[in-house]
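Letter by letter, the chains look like this.
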Amino acid sequence: MPRLFLVITSLTSACLSVEALAHSAELDTVVVSSAGQNSIYDVAQPATVLNKDAINDNPGDTLGTLLDSTPGIANASFGPGVGRPVIRGMSGSRVKILQNGSDSADLSAMSSDHSPMAEASSAEQIEVIYGPATLMYGGGAIGGVVNLIDRRIHEQPGSGLSGGLNIKGSSNDSGYSTDGLMDTSRGNWTLHLDGFHRSAADYHSGERGNIPAASNSGRIANSDSEGSGGAVALSWADGNRGFIGGSISTLEYDYGVPNTDGEAFRVKPTQVRYDLKGAWRPDPSGAFSWLDEWRTELSFNDYEHAETGARNDIPGAATVDIGLFEQESRELQSRIRHAAFGQWQGTFGLQMKYQKLALCHNHSGCSGIPSFAATAWDGATGFNLLNRERGGFLHSHSTPMPLNETTQTGVFLVEQRDWAQGTLELGARLDSVSISSDPDPIDPNYRQQRSYYNDKNFNPATLSAAGTWVLDEQQRLGLNLARVQRAPDAAELFWNGDHHATFSFQLDNPDLSVETAWTVDINWLRESEHDRVKIALFHYRFQDYIYNELKDFTDPFHDNNVYRHEQDDARFLGAEFSWQHNIDELWHLDINADVVQARLRNGDHLPRTPPASVLFAINRESGHLLMRLEGQATASQKRTAANEDPSDGHTLLNASLSYRQLLAHSELLWRLAASNLTDQYALNHVSYLKHAAPLAGRNVQLGLNWSF
């Protein structure tokens, strides 16, 4: 542990460059998603919150780029079209992405080329939540929860007409984006409308620095992207007794996948989402005085995405949909926040979730989900599958995954009370997870034996405890302990086939079991008139940790890298540091740093572990003018897994200038920003395609936000 302090200290003192902190802050009023709705000073693991200004200033177009400069968070980028947050070295299903507390219901945890269906431009606020409060939003969120809050459904009565319009353009990729929203209220009713559209051509990497062999540089072909979406919502609220409302939203992306083979693979996800939610707050003097609030939320998601590529049966033919995914999701959450029983106050609830996923893989084109229900099958392993063995594993080239249905039911309880030195928070959750499979979409020649498709049942359980100690008026200690379990998901168990967009082959592992983590998180917070300092140390010890291992052989169809989800004991050890210092009324400094080590029991490093980084920024705010100079120093990553390439370190320099202009009944915010001013060539070690999609080179952005 002392070694981590030395790393943080040396990095902080040696590096004076960082990537933008960009308005991220510890929430200093209310932790929106906590059980007791308490101030940050009382929460053992404070939530990090990004406000609307930070969202509008996003240097990219993804959730990953928005959060990348937050301590402890990296961006698992896959070119400009995809960016999924990695929290404390953990990703995939260990990081839940939510929209207003409900699952984003996409396939981004399955493969790194699948974009999260959670559009940051429509959000009013983004929370990153740790600790017991994560139990309310699903089991297994060991890394944390990222919650986008769009407030489409209003929980309080509105007042007249309000809204905004945001326009942004960028030089590196000739990109532009527009988004806007409007709320109109009359009495207790509020109508909400929002929408966005953006488009970008191929981007350019930096030109200065070492370019590893077999890496893309210059114009990154097939990196263009486009996105659009919108929503309409209607809600009724009386301000005291509760609210009810519903929304319909659509989201559509179309992005290329950079590669070093000159292939024109594209991914085109679409989603239609229906949300209905409400809350009832009874009269505190009535029969239900023990009940503070009863909140219920329903969501339905219709998700589909196509992966396009060249046909292999007709040379020179136009691209077709060689992959097709169709997923239907339903979720119910019902939470009761009770009044104080003795000294305890908290929330207990029920969560039910259902997902049905079917897919097609066909190089001649997927016009729909195939069916071989009428084809004879004796229940034995398919002939073609038996003839495609390499490295001791069978490789499938037909539809790589059976039709599967996942049903999850969870109950949880989160309680909080004050004690002499601070607060105490306890949480518990129990889940029942059932995964059923049907081989109907798979050609019998590529099927496993019949018993392979038996139902899988898991019962993960989680316990969490957190406490704060107020040392004096300026200092507070926090301790967070947890035993967390996560069930493997259907893709980890059953996917056996190509991921063409990632130029990889994923093997199945139906023998995966529940993984268990014991976590310790200690944080110290000091606030004074001129300074705010926070240091967090964490240690996660896993039993049967599920990780995606790169094998030492290639697949028999395309000679691509082969991965397989394996299990072994592992540990994560790391630290995070942040310091905000007010020099005087005009100038202030921001410094962030983080480091994480992730190893298996035998000492081997886990793949794609984020390298250490340091953030430094100097700001000057005078009247309506804000200037910021910042940089990012990212260390090299040489602690790599077997068969994984190391990555060089890099330093990026950024600057921004914004001016707030007040009008009669509205406000204009002008912003000019430049990123990677030195045009540094850099790789993102966390990315599966770091050599194919390096970080963007010098870029200038001009933006205008109008709010009324």
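Small disclaimer: the values here were computed from a predicted structure and weren't measured.

Analysis parameters
Residues numbered from 1 in each chain as written. Predicted model: local features only at pLDDT ≥ 70, side-chain atom pairs only at ≥ 80, totals over all residues. Heavy atoms only, no water. Helix = DSSP H or I, 4+ residues; strand = E, 2+ residues; numbered from the N terminus. Buried < 20%, exposed > 50% of the residue type's maximum accessible area, 1.4 Å probe, protein only. Phe/Tyr/Trp six-rings, centres within 6.5 Å; stacked < 30°, edge-to-face > 60°. Lys NZ or Arg CZ within 6 Å of the ring centre and 35° of its normal. Core = buried A, V, L, I, M, F, W, Y, C linked by side-chain atoms within 4.5 Å. Contact = heavy atoms within 4.5 Å. Salt bridge = Lys/Arg side-chain N within 4 Å of Asp/Glu carboxyl O.

**As for the environment of Gly574**
Right, on to step 1. Among the structural elements, Gly574 can be located in strand β29 (residues 561–582).
Right, on to step 2. A residue is classified by how much of its surface remains accessible, and Gly574, at 0% relative accessible area, is buried.
Right, on to step 3. Sequence separation between Gly574 and Leu600 is 26 residues; the distance between their C-alpha atoms is 15 Å.

**A few points about the packing of aromatic side chains**
Right, on to step 1. In the structure shown here, the tally under the stated rule is 16 aromatic pairs.
Right, on to step 2. With a centroid separation of 6.4 Å and an interplanar angle of 75°, the aromatic rings of Trp377 and Tyr453 are classed as edge-to-face. Highlighted residues: Trp377 in the loop between β17 (344–361) and α4 (383–386) and Tyr453 in the loop between β21 (422–438) and β22 (456–458), separated in sequence by 76 residues.
Right, on to step 3. In this structure Tyr453 comes out as buried when scored by relative accessible area, which is 7%.
Right, on to step 4. With centroids separated by 5.5 Å and ring planes inclined at 55°, the aromatic side chains of Tyr545 and Phe572 adopt a geometry described as tilted. Of this pair, Tyr545 sits in strand β28 (residues 531–554) while Phe572 sits in strand β29, and the two are 27 residues apart along the sequence. Considered together, Tyr545 and Phe572 belong to a single accessibility category, that of buried residues.
Right, on to step 5. The ring centre of Trp377 lies 4.6 Å from the NZ or CZ of Arg450, which sits over that ring.
Right, on to step 6. Across from the ring centre of Tyr688, 4.0 Å away, lies the NZ or CZ of Arg608, which sits over that ring.

**Topic: the nonpolar core**
Right, on to step 1. Membership of the largest hydrophobic core comes to 36 residues, with the highest contact counts inside it found for Met110, Met401, Ile435 and Phe458.
Right, on to step 2. Here this core gets 4 residues from one element, more than from any other, and that element is helix α5 (residues 490–494).
Right, on to step 3. Once you skip the residues sitting within four places of it in the chain, Ile435 turns out to touch Glu405, Thr406, Asp455, Lys456, Phe458, Pro488, Asp489, Ala490, Leu493 and Phe494.
Right, on to step 4. Membership of the second largest hydrophobic core comes to 18 residues, among which are Leu67, Val95, Ile97 and Ala120.

**Regarding the pattern of salt bridges**
Right, on to step 1. Counted according to the given criterion, the structure contains 32 salt bridges.
Right, on to step 2. Arg486 is the salt-bridge partner of Glu515, the closest N and O atoms lying 3.0 Å from each other. Highlighted residues: Glu515 in strand β27 (residues 515–527) and Arg486 in strand β24 (residues 475–486), separated in sequence by 29 residues. Both residues of the pair, Glu515 and Arg486, count as buried.
Right, on to step 3. In this structure, Arg532 engages Glu527 in a salt bridge whose closest nitrogen and oxygen atoms are separated by 1.8 Å.
Right, on to step 4. The exposure class of Glu527 is partly exposed, given its relative accessible area of 28%.

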